[in-house]
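# Examining the three-dimensional arrangement
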Protein chains: 2
Amino acid sequence: MIYSKECEYAIRAMTYLAQHADRRCMAKEIAEKENLPQHFLSKILQTLVREKLLESAKGPKGGFQLSKPAKTITLYHIKKFVDGVDDLNECAVGLTKCNDEMPCPLHDDFKPIREKVKNYLKSTSLADMTKALDNKKKISKAASG
Amino acid sequence: MIYSKECEYAIRAMTYLAQHADRRCMAKEIAEKENLPQHFLSKILQTLVREKLLESAKGPKGGFQLSKPAKTITLYHIKKFVDGVDDLNECAVGLTKCNDEMPCPLHDDFKPIREKVKNYLKSTSLADMTKALDNKKKISKAASG
DNA sequence: AGTAATTAGGATAATAATATCTAAAAAGGG
DNA sequence: CCCTTTTTAGATATTATTATCCTAATTACT
Ligand code: SF4
Ligand code: SF4
């Protein structure tokens, strides 16, 4: 609803990296564990390296890792580099470009929602993602055992 | 952010029809007035007829019109028939399918936002769209004159 | 130095979204 | 009945997204 596959894969891969921040992870490993198309993922990781969100190393013991602490990388950052964030500043209705002085239909109803989405992306870091995943694991264990 | 071009065009066309509910409008007219690709729009209008949201008539004096009152047709209905609404029930994060008992990361943060979007689409009718447009026109006149 | 491992980058392929074109069918007006 | 207008439907074209493949470059280890 909010981002492309490419961006979704980027987020999932970076979340995986955040969960294994103690070492480098290979593209192949991430693809297998997260069930992502391997070659496509490699491309995505390359662009994330170019955008300085990741660091990479070639050869044996090579792989990818976050270039900075997980709590400083937000979903917004990732979307910004992969998809761009223009759509978050455009109308849901699509009648004209956004402009507070000359609002289009439903401005007052829609703009707050759009702001909430933007805010959610900006306030959610990879650290939050891993925390949420840990929680899920706990709940899952409690339920089954 | 929420729907495809096709759906956006559908909404804009149907809003136009709601504004001119007293008569039938030709595809060409709608395309010109709303600045939409004409042939693509024709296709879209055809599917809306098949889905019973519009009625059509061929030949001279032909064209398209809403099949029921503007206030009974919501953005949600339109999206449902054009794009489908599955994405409104899926995760923003994309890690797994939605399931309240086994929530994925950020469920509690994201789900309310998603519900707000859904609600917005369900509670916004074509009549609301025309009302908002009228309002805009008024404001625009007051500002310039 | 040699070899295996791994990322980087370019070429290509497959699929989906967006857009156009053309001919056929239906309706109205002469 | 014929001509014009307009929708309908199907074929085709274009572009963007998603995905794969292949080769080169880099590095680690022996
Ligand atoms: S003014 Fe409001 S309704 Fe109009 S484009 Fe901006 S956010 Fe959308
Ligand atoms: S985060 Fe919540 S809304 Fe999203 S898939 Fe998970 S349970 Fe569903």
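Here, every reference points to the structure presented above.
The structure displayed is predicted, hence computed values, not measured ones. (Residues numbered from 1 in each chain as written. Chains lettered and ligands numbered in written order. Predicted model: local features only at pLDDT ≥ 70, side-chain atom pairs only at ≥ 80, totals over all residues. Heavy atoms only, no water.)

The helix and strand tally for chain A stands at 6 helices and 2 strands. Helices and strands in chain A line up, N terminus first, as α-α-α-β-β-α-α-α. Out of the 145 residues belonging to chain A, those deemed buried represent 47%. Long-range pairs, those at least 24 residues apart, make up 61% of the contacts in chain A between residues at least 6 apart in sequence. A total of about 7900 Å² of accessible surface is found on chain A, and carbon and sulfur atoms cover 49% of it. (Helix = DSSP H or I, 4+ residues; strand = E, 2+ residues; numbered from the N terminus. Buried < 20%, exposed > 50% of the residue type's maximum accessible area, 1.4 Å probe, protein only. Contact = heavy atoms within 4.5 Å. Areas by Shrake-Rupley, 256 points an atom, 1.4 Å probe, with all protein chains shown as cover.)

The tally for this structure, following the rule as stated, stands at 4 aromatic pairs over all chains. For the pair Y9 of chain B and F40 of chain B, a centre-to-centre distance of 5.8 Å together with 85 degrees between the ring planes defines the contact as edge-to-face. Taken together, the residues Y9 of chain B in helix 1 (residues 5–19) and F40 of chain B in helix 3 (residues 38–50) connect sequence positions 31 residues apart. By relative accessible area, F40 of chain B is classed as partly exposed at 37%. Across from the ring centre of Y76 of chain A, 4.8 Å away, lies the NZ or CZ of K122 of chain A, which sits over that ring. (Phe/Tyr/Trp six-rings, centres within 6.5 Å; stacked < 30°, edge-to-face > 60°. Lys NZ or Arg CZ within 6 Å of the ring centre and 35° of its normal.)

Taken together, 25 residues form the shell around DNA strand D, and within it Y9 and P60 of chain A together with M26, K43 and S56 of chain B come nearest. Between a phosphate oxygen of DNA strand D and a side-chain N or O atom of Y9 of chain A, the distance comes to 3.0 Å. At 3.3 Å, a backbone N or O of G59 of chain B approaches a sugar or linking oxygen of DNA strand D. Put simply, the parts of the chain that give the surface near DNA strand D at least two residues each are helix 1 (5–19) and helix 3 (38–50) of chain A together with helix 3, strand 1 (54–57) and strand 2 (63–66) of chain B. The element contributing the most residues to the surface near DNA strand D is helix 3 of chain B, with 4 residues. Within the surface near DNA strand D, the residues separate by chemical class into 10 nonpolar, 7 polar and 8 charged. (Near = heavy atom within 4 Å. Polar contact = N/O pair within 3.5 Å; in protein donor to acceptor, adjacent residues only side chain to side chain. Nonpolar A, V, L, I, M, F, W, Y, C, P; charged D, E, K, R; others polar.)

The next point concerns unusual backbone geometry. All names here are of chain A. One non-glycine residue, N35, lies in positive phi territory at about 60 degrees. Mapped onto the secondary structure, N35 falls in the loop between helix 2 (27–34) and helix 3. Since its relative accessible area comes to 67%, N35 is described here as exposed. For K61, which is not a glycine, the phi torsion comes out positive at approximately 70 degrees. Considering the arrangement of structural elements, one finds K61 in the loop between strand 1 (54–57) and strand 2 (63–66).

As enumerated under the stated definition, the model contains 16 salt bridges over all chains in all. The partner of E29 of chain B in a salt bridge is R23 of chain B, and the shortest N-O contact between them spans 2.8 Å. Residue R23 of chain B is classed as partly exposed on the basis of its relative accessible area of 34%. Connected through salt bridges with shared partners, the residues E8, R12 and E34 of chain A form a single ionic network. (Salt bridge = Lys/Arg side-chain N within 4 Å of Asp/Glu carboxyl O.)

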